[in-house]
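# Understanding the architecture of this molecule
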Amino acid sequence: MVSKFIILSCIFLSFAHGGIKNERELTHKIESSRVLCMKIIKSHALIGTKNHFNDPDTQMKNDYGALNNNLLDINQYLASHPSENLQKVKVLTEHAAETFSQLKKNDLLHQNGADKAIAFFKVLEKTRVDINKAAEIMTAKKEKRDVYFFTTRLSTIAQKAAAVYLYKTWGIALPKLDEYFAVMTRKSGKSIKALEKFAQKLQPKEKEAVLKKTHIIKNQIMFFIMSRQMKGHIPTLLYDKSNKIEYMNHEIEDIFESIK
C-alpha cells in the first residue's frame, strides 16, 4: 500500500507545477486543487492524533507545495489570458491563494496543537470553497463536466470525510457536520452515477474495469457515511480508505486518457 501513496504523491507533484496550455488544463488543475486542500487537512489531523502512519509530515509538506504551485500556475494563466468569461474565476482563485497564504503567514503548518486546529481547518476549507466555486464556473455547461470533474469531486469528498473523522478522534468538534454529510451523500451518489454513465461509452474491457473501480469507490464512500454512527475511529483505516478512493479515481482517469 505504501507504493500507492508514493504514486499518488508523484501524480500530484508532477502535475502541480508547469505552464497551463489551455482552458481544459486550467479546469483540471483547479479541480485537482480541491483534493489537495482536504489532503493537507487530513495529514494535519493525523499528526494531531500523534499517529505517523505513512509519514503524514512529508505528505502534508508535499501536498502543500503542490497546491501552492497549482495556485501560482492557475493565477499566472488567468493573468496572462484576460477574459470576461474567466473574470469570476480569477477573483475566486486569487482569493483562494490569499487565504491559503495564511498557513505560512501564521506559521500554522508547524503548529500541531489542538488550539490551532480549527484555524488550520478553516483556512483550507475556505480555500477549497473558492476553488470549488471556480471549478463549477468552469464547468457551468454540463457538457464540460468530464470524467476528471467527478473523480476529483469523489476524492475531495473522501479526503474531507477522513479529515473530519480524524478531527473527531483528535477530540476537536467541527461545525456544520450535518450539512456536510448530507452534501457528501448526495454528491457522491451523483458522481458515481456520472462515472458509470461515462463507462457505458467504452469498449467492454475498459467498461468493466471502470465499473469495478466505481463499485469499490461506492463501498468505500459508504464506509465513511456509515462510520458516522460509530463512537470511535481507527486513524490508519480512515487514512487508508480515503487514499484508496483517490487511487481508484486516478486509475479511472488513466483509462479514459489511454483511449483518447
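Now for a description of the structure that goes with this document. Since this is a predicted model, take the numbers as computed values, not measurements. (Residues numbered from 1 in each chain as written. Predicted model: local features only at pLDDT ≥ 70, side-chain atom pairs only at ≥ 80, totals over all residues. Heavy atoms only, no water.)

### So, the packing of aromatic side chains
Counted under the stated rule, the structure contains nine aromatic pairs. Aromatic pair Y64 and F100: ring centres 5.0 Å apart, planes at 35 degrees, arrangement tilted. Residue Y64 is located in helix α3 (residues 56-80), and its partner F100 is located in helix α4 (residues 87-100); the two are separated by 36 residues in the primary sequence. The same class applies to Y64 and to F100, which are both buried. Considering the side-chain rings of F121 and Y167, the 5.5 Å spacing of their centres and the 70 degrees angle between planes classify their relative orientation as edge-to-face. Residue F121 is found in helix α6 (residues 117-138), and its partner Y167 is found in helix α7 (residues 147-170); the two are separated by 46 residues along the sequence. As far as the burial class goes, F121 and Y167 line up, both buried. Following the ring pairs from residue to residue traces out a cluster consisting of F149, F150, F198 and F256. Against the face of F149 rests R34, its NZ or CZ located 4.9 Å from the ring centre. Looking at K42, its charged tip hangs above the ring of Y239, at a distance of 4.0 Å from the centre. (Phe/Tyr/Trp six-rings, centres within 6.5 Å; stacked < 30°, edge-to-face > 60°. Helix = DSSP H or I, 4+ residues; strand = E, 2+ residues; numbered from the N terminus. Buried < 20%, exposed > 50% of the residue type's maximum accessible area, 1.4 Å probe, protein only. Lys NZ or Arg CZ within 6 Å of the ring centre and 35° of its normal.)

### Structural notes on the packing of α6 against α7
Viewed as axis vectors pointing N to C, α6 and α7 meet at an angle of 165 degrees, and their least axial separation amounts to 13 Å. The angle between α6 and α7 falls in the class roughly antiparallel. Crossing handedness for the pair α6 and α7: left-handed. Contacts between α6 and α7 involve A117, F120, F121, E125, R128 and A135 from the former and F149, T156, K160, Y167 and W170 from the latter. (Axes fitted to C-alpha atoms, helices over the stretch in contact; angles between N-to-C directions. Parallel < 35°, antiparallel > 145°, perpendicular 65-115°, else oblique. Left-handed = near helix turned anticlockwise from the far one by under 90°. Contact = heavy atoms within 4.5 Å.)

### Things to note about α7
Helix length check: α7 (24 residues) gives 35 Å between terminal C-alpha atoms against 34 Å at 1.5 Å per residue, within 8%. Here α7 lies mainly inside the structure; 22 of its 24 residues are buried. (Expected span 1.5 Å × (residues − 1).)

### A look at unusual backbone geometry
Here the phi dihedral of K50 falls at roughly 65 degrees; this positive angle occurs in a residue that is not glycine. Take K50: its relative accessible area is 68%, and that puts it in the exposed class.

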